[in-house]
Amino acid sequence: MPELPEVETLKLGIQKYVVGHKILDVELAHPKIFYGDKKDIIGSKITGVRRVGKGLILELSNGYVLAIHIKLTGQLIFRDEKTKNIPPSAKVGKSLPNNLTHVIFKLDKDSKLYYNDQRRFGWIKVVRSDEVSKLPFFRDMGPEPFKDLTFARFKFVVGKKVTKIKPLLMDQTNIGGIGNIYANDALFRSKISPLRPGKSLSDEELKRLYDSILAVLKKGLESKGASELSFVNILGQEGEYQNHTLVYGKRNKPCPNNCGGKIHFIRIGGRGTFFCPNCQS
């Protein structure tokens, strides 16, 4: 699932290409993805965009917003006269729209914003701007790295819990924006086993993990996200973090620390987990 770096990459793309356009119409090929009345947004101008954890909020000029969560395989792709010939990733398909395109925002200046979703887990909701913070997804979001997740807050959130540290990091009510890819790599970088309960970590280990979370997320942002599954940026192009992962996706491969061991794969809380038993204790 796209995490903080991927959704932040999308946000920056929306700021550059989509903000300022007027919504002329909305075409729904799969209405169950779209919640609300499209009439409430037709004619409005997209005035801004915010990211909250793994979610996006597109601010409109008429007192409404579009709340968006692309979930596992969602894609937002913009096209206009200047970008129409940019070749998209194979993850998008050969042309737009295609059989994965479920929502099309028809914008002014002969431009479009497509929403593709292979698994159709994502959602787009039309909400009044003063009500969006009440949606459970946004209301229950925990503090975010680079925003309000200080080390003191991080220590308070995870340092007293008996839950295993990896699902603790991925629980969006604890910390907003961290998912499977960056949780695996942060734990490896900090030399902490994903099986350790949160309360078993010393202050030194917690600080090492906190710093590692920031480091791997920063690398993810610099790489414009990971496209190991379906993620693409606003122009339909892939990110590169999948080429820089430390342990994620490297089952049975040699440990990057050259310890002589191999990366193990287990499931914790139903999620695939990669780690080196030699280096992570």
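To be clear, the structure that these remarks concern was listed above.
Since the model is a prediction, treat every value here as computed from it, not as a measurement.

Here we take up the pairing of strand β11 (residues 271-275). Judged by how many residues are buried, β11 sits mostly within the fold: four of five residues are covered. Here strand β10 (residues 264-268) runs beside β11; their pairing, made up of five bridges, is antiparallel. Its bridge partner being in β11, Phe-265 is matched across the sheet by Phe-274.

Before going further, it helps to examine the pattern of salt bridges. Any two side chains of opposite charge can pair, on the condition that their charged atoms come close. Scanning the entire structure with this criterion turns up 14 salt bridges. Between Lys-84 and Glu-81 there is a salt bridge, with the nearest N and O atoms lying 2.8 Å from each other. For Lys-84, a relative accessible area of 45% gives the class partly exposed. Notably, a salt bridge pairs Arg-139 with Asp-140, separated by 3.0 Å at the nearest N-O pair. What makes Asp-140 partly exposed here is its relative accessible area of 34%. One salt-bridge network, in which partners are shared between bridges, spans Glu-8, Lys-11, Arg-51 and Glu-144.

Counting 34 residues, the largest nonpolar core has Phe-154, Val-158, Ile-165, Leu-169, Ile-175, Leu-209 and Ile-213 as its most contacted members. Of all the secondary structure elements, the ones that give two or more residues to this core are α3 (151-158), α4 (165-170), α5 (180-189) and α6 (203-222). Other than its neighbours up to four places away in sequence, Val-158 contacts Ile-165, Leu-168, Ile-175, Gly-198, Lys-199 and Leu-206. Formed by 30 residues, the second largest nonpolar core is a distinct cluster that contains Ile-46, Leu-66, Leu-107 and Leu-113.

As a further point, take α5. When you tally the buried positions in α5, you get nine out of ten residues, the bulk of the element. Within the sequence span of α5, burial applies to Asn-180, Ile-181, Tyr-182, Ala-183, Asn-184, Asp-185, Ala-186, Leu-187 and Phe-188. Against α1 (4-17), α4, α6 and β11 lie the buried residues of α5. Lys-191 occupies a position one or two residues after α5 and carries a positive phi of about 65°.

Calculation criteria
Residues numbered from 1 in each chain as written. Predicted model: local features only at pLDDT ≥ 70, side-chain atom pairs only at ≥ 80, totals over all residues. Heavy atoms only, no water. Buried < 20%, exposed > 50% of the residue type's maximum accessible area, 1.4 Å probe, protein only. Helix = DSSP H or I, 4+ residues; strand = E, 2+ residues; numbered from the N terminus. Pairing = 2+ DSSP bridges. Salt bridge = Lys/Arg side-chain N within 4 Å of Asp/Glu carboxyl O. Core = buried A, V, L, I, M, F, W, Y, C linked by side-chain atoms within 4.5 Å. Contact = heavy atoms within 4.5 Å.

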